[in-house]
Amino acid sequence: MSYVLWDLAKTSKGQIVWISEEYNDELYCVECDGKMIPVKGEIKRHHFRHSVESNCSGESARHWSKKYQIHDIAKQFGNSEVERGVDKYVADILFEQEWAFEVVISNPPSDEKFADLKERLVIFDFTDMNWIDDNER
């Protein structure tokens, strides 16, 4: 099992909260809606963890984090939504109700999705990033 550090969660009203922010609400996983607990120790990087076994699909915490980082920037320029439908697909980020933004950490979009959305598809490719978890140092 890979070690995952979630740096974001959401409130019961769906507002995104980053681990560095202050909050006074129970927090939930952005993917599976499971309860999240802040972990702010002195050894590992501050992060959220699931309070019990999660029901996440397998997209990594990094993948979700990048989605919301890109969404936070995109919404300054227009309408941006995370995990929204475009045609028969779900885009990581739907921008201006037209552009499908896809975040690639390990798996690129399918050939079919690429072909069908090619005129409206923007890929943010992070596969060449050298990821190092704090626990691996």
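Residues numbered from 1 in each chain as written. Predicted model: local features only at pLDDT ≥ 70, side-chain atom pairs only at ≥ 80, totals over all residues. Heavy atoms only, no water.

Where strand 8 (residues 99-104) meets strand 9 (residues 121-125), five bridges bridge the pair, whose relative direction is parallel. Its bridge partner being in strand 9, Phe 101 is matched across the sheet by Val 122. The handedness of the strand 8 to strand 9 crossover, carried by helix 2 (residues 111-117), is right-handed. (Pairing = 2+ DSSP bridges. Helix = DSSP H or I, 4+ residues; strand = E, 2+ residues; numbered from the N terminus. Right-handed = clockwise from strand over helix to strand, strands pointing away.)

Right, let's get into the pattern of salt bridges. What the rule picks out here adds up to 10 salt bridges. Where Asp 33 meets Lys 10, a salt bridge forms, and the shortest distance between an N and an O atom there is 2.5 Å. Taken as a pair, Asp 33 in the loop between strand 3 (27-28) and strand 4 (35-39) and Lys 10 in strand 1 (residues 8-11) lie far apart in primary sequence, 23 residues in all. Residue Asp 33 is classed as partly exposed on the basis of its relative accessible area of 46%. With relative accessibility at 19%, the residue Lys 10 sits in the buried group. With a shortest N-O distance of 3.5 Å, Lys 75 and Asp 72 are connected by a salt bridge. The class of Lys 75 is partly exposed, set by a relative accessible area of 47%. What makes Asp 72 partly exposed here is its relative accessible area of 24%. Residues participating in the shared-partner salt-bridge network are Lys 67, Glu 83 and Asp 92. (Salt bridge = Lys/Arg side-chain N within 4 Å of Asp/Glu carboxyl O. Buried < 20%, exposed > 50% of the residue type's maximum accessible area, 1.4 Å probe, protein only.)

Below, the discussion takes up the sheet that holds strand 6 (residues 80-86). Taken together, four strands build an open sheet; the order of strands is 6-7-8-9 and the sheet is mixed. A single partner strand is all that each edge strand has here, and the edge strands are strand 6 and strand 9. In this sheet, neighbouring strand axes are inclined to one another by 45° on average, regardless of whether the strands run parallel or antiparallel. Sheet contacts for helix 1 (residues 61-74): strand 6, strand 7 (89-95), strand 8 and strand 9; angle to strand 6, the most-contacted strand, approximately 110°. (Axes fitted to C-alpha atoms, helices over the stretch in contact; angles between N-to-C directions. Contact = heavy atoms within 4.5 Å.)

Turning our eyes to something else, we now look at the side chain of Glu 31. With respect to the element layout, Glu 31 can be found in the loop between strand 3 and strand 4. Lacking a salt bridge, the buried Glu 31 has Lys 67 as its closest oppositely charged neighbour, with an N-O distance of 6.9 Å. Among the polar contacts made by the side chain of Glu 31, one reaches the side chain of Trp 64 at a distance of 3.1 Å. (Lys, Arg positive; Asp, Glu negative; His and termini not counted. Polar contact = N/O pair within 3.5 Å; in protein donor to acceptor, adjacent residues only side chain to side chain.)

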